[in-house]
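Structural overview for review
Below, each chain spelled out in residue letters.
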Amino acid sequence: MAKKKQGLGWIEWLRGWMYVIYEMLFQRIIASHLQNPLELPPLTDLTCVVTGSTSGIGREIARQLAEAGAHVVMAVRNTKAAHELINQWSASWHGLPLNIEVMELDLLSLDSVVSFANAWNARLGPLHVLINNAGIFSIGEPQKFSKDGYEVHMQVNHLAPALLSVLLLPSLIKGSPSRIINVNSVMHYVGFVDTEDINAVHGKRKYSSLLGYTSSKLAQVMFSSVLHKRLPVEAGVNVVCVSPGIAHTNVARDLPRIVQVGYNLIPYFIFSPREGSRSALFSATDPQIPEYCELLKADEWPVCAFISQDCRPTNPSEEAHSVETSLEVWEKTLEMIGLPSDAVEKLIEGKEVKCRYGTQND
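Residues numbered from 1 in each chain as written. Predicted model: local features only at pLDDT ≥ 70, side-chain atom pairs only at ≥ 80, totals over all residues. Heavy atoms only, no water.

- Per an unreviewed UniProt entry, the protein chain goes by Blue copper protein-like and derives from Hibiscus syriacus.

The following block contains the structure:
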């Protein structure tokens, strides 16, 4: 039996970092053909859930979708901040009244994810776009775990959005053709997922917040690729990962002070949240996206659609193409989020699925 891979080879690692640095130095030039803000078509028939929409890229996504006429649901931990934002936006907006509502969602609690999904599905209405935007990168912080016992980067950036995506499938199928858009990161190129230690507790690899962040982002691409394959074309739900580029968002608030200073010295290279929101907005609204996803499915391509910060399709990392590891990540993730291994198939058939989380709340 072949020895299990323990990490990225040094050439893969080097190639990954070169890609990240190249992206940072040249993203503005590569994306210079895009308008800022991105021009959106009228979206009056669209219902979108956007997580983490009180700051950074998520705030831009929510605002621009609402101004284009979509019904936007801000799924956030801080509902007070969301209501204040809606008031600000409405006061400075001169078009038709904005159709935005706020629902509570705390990705550090899988119970909260189940409660949110149950509350949304109970409306029996369609959901056209789910944008899993919320994410954390606690640079330089010691390892932390959620109350569910999972490493926080893995939970917020991968496990909770994965649970949300699966549980909202009934509403997404009602809204088909619909889309799940995962705001990922170019940093997944330097990520590696040890499926025997997803929680990074066994100390096989020395924990750092960089390891936590990059592996959570790669896990998201791998899970998305399997979900993309498991959803039959007839279900009409497409899964897309996007890179916002390297943007100046609240992720930077977790940087050490000295790094923050450096970060602020290179504004020319770094995208504003508005620029960073373009790939997600494009993927959520462009009419050719479903066609592209179906093409990948028909070709049995190993990965799901991945849209770069310049709104063009690109390839995720070499590691993301490992079908074997992706399947292991899929199985392990379903186990961690308390869902049966056939949850997706059951939901597509209109059957009920029991989740280990959320029962005490509902």
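Let's pick the thread back up.
**Quick look at the overall build of the protein chain**
- Helix and strand counts for the protein chain come out as 13 helices and seven strands.
- Here the C-alpha atoms of the protein chain give a radius of gyration of 19 Å, agreeing with the 21 Å that 2.2 N^0.38 yields for 362 residues.
- Among the 362 residues that make up the protein chain, the fraction classed as buried is 55%.
- Each charge sign in the protein chain was given a centre, from 31 positive and 37 negative side chains, and these centres are 5 Å apart. (Helix = DSSP H or I, 4+ residues; strand = E, 2+ residues; numbered from the N terminus. Rg over C-alpha atoms; globule rule 2.2 N^0.38 Å. Buried < 20%, exposed > 50% of the residue type's maximum accessible area, 1.4 Å probe, protein only. Lys, Arg positive; Asp, Glu negative; His and termini not counted. Charge placed at Lys NZ, Arg CZ, Asp CG, Glu CD.)

**Looking at the environment of Glu 300**
- In this structure, Glu 300 sits in the loop between helix H11 (289–298) and strand E7 (305–307).
- Residue class for Glu 300 comes out exposed when judged on its relative accessible area of 69%.

**Notes on unusual backbone geometry**
- Residues Asn 36 and Pro 37 are joined by a peptide bond in cis, for which omega reads 0 degrees.
- Inspection of the secondary structure assignment puts Pro 37 in the loop between helix H1 (10–30) and strand E1 (47–51).
- That bond from Ser 176 to Pro 177 is cis: its omega, 5 degrees, falls within 30 degrees of zero.
- Looking at the element boundaries, Pro 177 is found in the loop between helix H6 (169–174) and strand E5 (178–183).
- You will see that Cys 311, though not glycine, has its phi angle at about 65 degrees, which is positive.
- Counting through the fold element by element, Cys 311 comes out in the loop between E7 and helix H12 (323–336).

**Points about the packing of aromatic side chains**
- Per the stated rule, a full pass over the model turns up five aromatic pairs.
- Measuring from ring centre to ring centre gives 6.5 Å for Trp 13 and Trp 17, while their planes differ by 70 degrees; the resulting arrangement is edge-to-face. Of this pair, Trp 13 and Trp 17 both sit in helix H1, four residues apart, which is roughly one turn of the helix.
- Taking the relative accessible area as the measure of exposure, Trp 13 reaches 46% and is therefore partly exposed.
- Consider the rings of Tyr 19 and Tyr 189, whose centres lie 4.2 Å apart with planes at 25 degrees: the pair is stacked. Here the residue Tyr 19 occupies a position in helix H1, and Tyr 189 occupies one in the loop between E5 and helix H7 (209–230), the gap between them amounting to 170 residues.
- Above the face of the Phe 271 ring, Arg 278 is positioned so that its terminal group lies 5.4 Å from the ring centre. (Phe/Tyr/Trp six-rings, centres within 6.5 Å; stacked < 30°, edge-to-face > 60°. Lys NZ or Arg CZ within 6 Å of the ring centre and 35° of its normal.)

**Examining the packing of helix H5 (residues 152–167) against H7**
- Where H5 contacts H7, the two axes come as close as 7 Å, and the packing angle between them is 20 degrees. One finds that H5 runs roughly parallel with respect to H7. Relative to H7, the crossing made by H5 is right-handed. Note on element contacts: H7 touches H5 through Ser 209, Gly 212, Tyr 213, Ser 215, Ser 216, Lys 217, Ala 219, Gln 220, Phe 223 and Leu 227, opposite His 153, Met 154, Asn 157, His 158, Pro 161, Ala 162, Ser 165 and Val 166.
- Looking at side-chain class alone, the contact of H5 with H7 contains eight nonpolar, nine polar and one charged residues. (Axes fitted to C-alpha atoms, helices over the stretch in contact; angles between N-to-C directions. Parallel < 35°, antiparallel > 145°, perpendicular 65-115°, else oblique. Left-handed = near helix turned anticlockwise from the far one by under 90°. Contact = heavy atoms within 4.5 Å. Nonpolar A, V, L, I, M, F, W, Y, C, P; charged D, E, K, R; others polar.)

**Digging into the sheet that holds strand E4 (residues 129–132)**
- Here we have seven strands laid out as an open sheet, ordered E3-E2-E1-E4-E5-E6-E7, and parallel in their pairing. Each end of this open sheet is capped by a strand with a single partner; those strands are strand E3 (99–104) and E7. Direction aside, neighbouring strands of the sheet carry axes that sit 20 degrees apart on average.
- Judged from the six bridges that link them, E5 and strand E6 (residues 237–242) form a sheet pairing that is parallel. Considered in E6, the bridge of Asn 182 is made with Cys 241.
- On the sheet, helix H4 (residues 110–121) packs against E1, strand E2 (71–76) and E3 and is oriented at approximately 140 degrees with respect to E3. (Pairing = 2+ DSSP bridges.)

**Quick word on the nonpolar core**
- Grouped together as the largest cluster of nonpolar side chains are 58 residues, with contacts concentrated most on Phe 116, Leu 130, Leu 163, Leu 168, Leu 172, Leu 227 and Leu 339.
- Looking at this core, the elements that each hand over two or more residues are E2, H4, H5, H6, H7, E6, H12 and helix H13 (343–348).
- The element best represented in this core is H5, accounting for nine residues.
- Apart from residues lying up to four places away in sequence, Leu 227 is in contact with Ser 165, Ile 180, Val 239, Trp 330 and Val 344.
- Formed by 42 residues, the second largest nonpolar core is a distinct cluster that contains Leu 46, Val 129, Phe 271 and Ala 280. (Core = buried A, V, L, I, M, F, W, Y, C linked by side-chain atoms within 4.5 Å.)

**Re the pairing of E5**
- The element E5 is extensively covered by neighbouring structure, given that six of its six residues are classed as buried.
- Here E5 shows two buried faces, one formed by Ser 178, Ile 180 and Asn 182 and the other by Arg 179, Ile 181 and Val 183.
- The pairing of E4 with E5 spans four bridges and is parallel. Bridge pairing links Ile 131 to Ile 181 in E5.
- On the question of chirality, the crossover connecting E5 to the parallel E6 by way of H7 is right-handed. (Right-handed = clockwise from strand over helix to strand, strands pointing away.)

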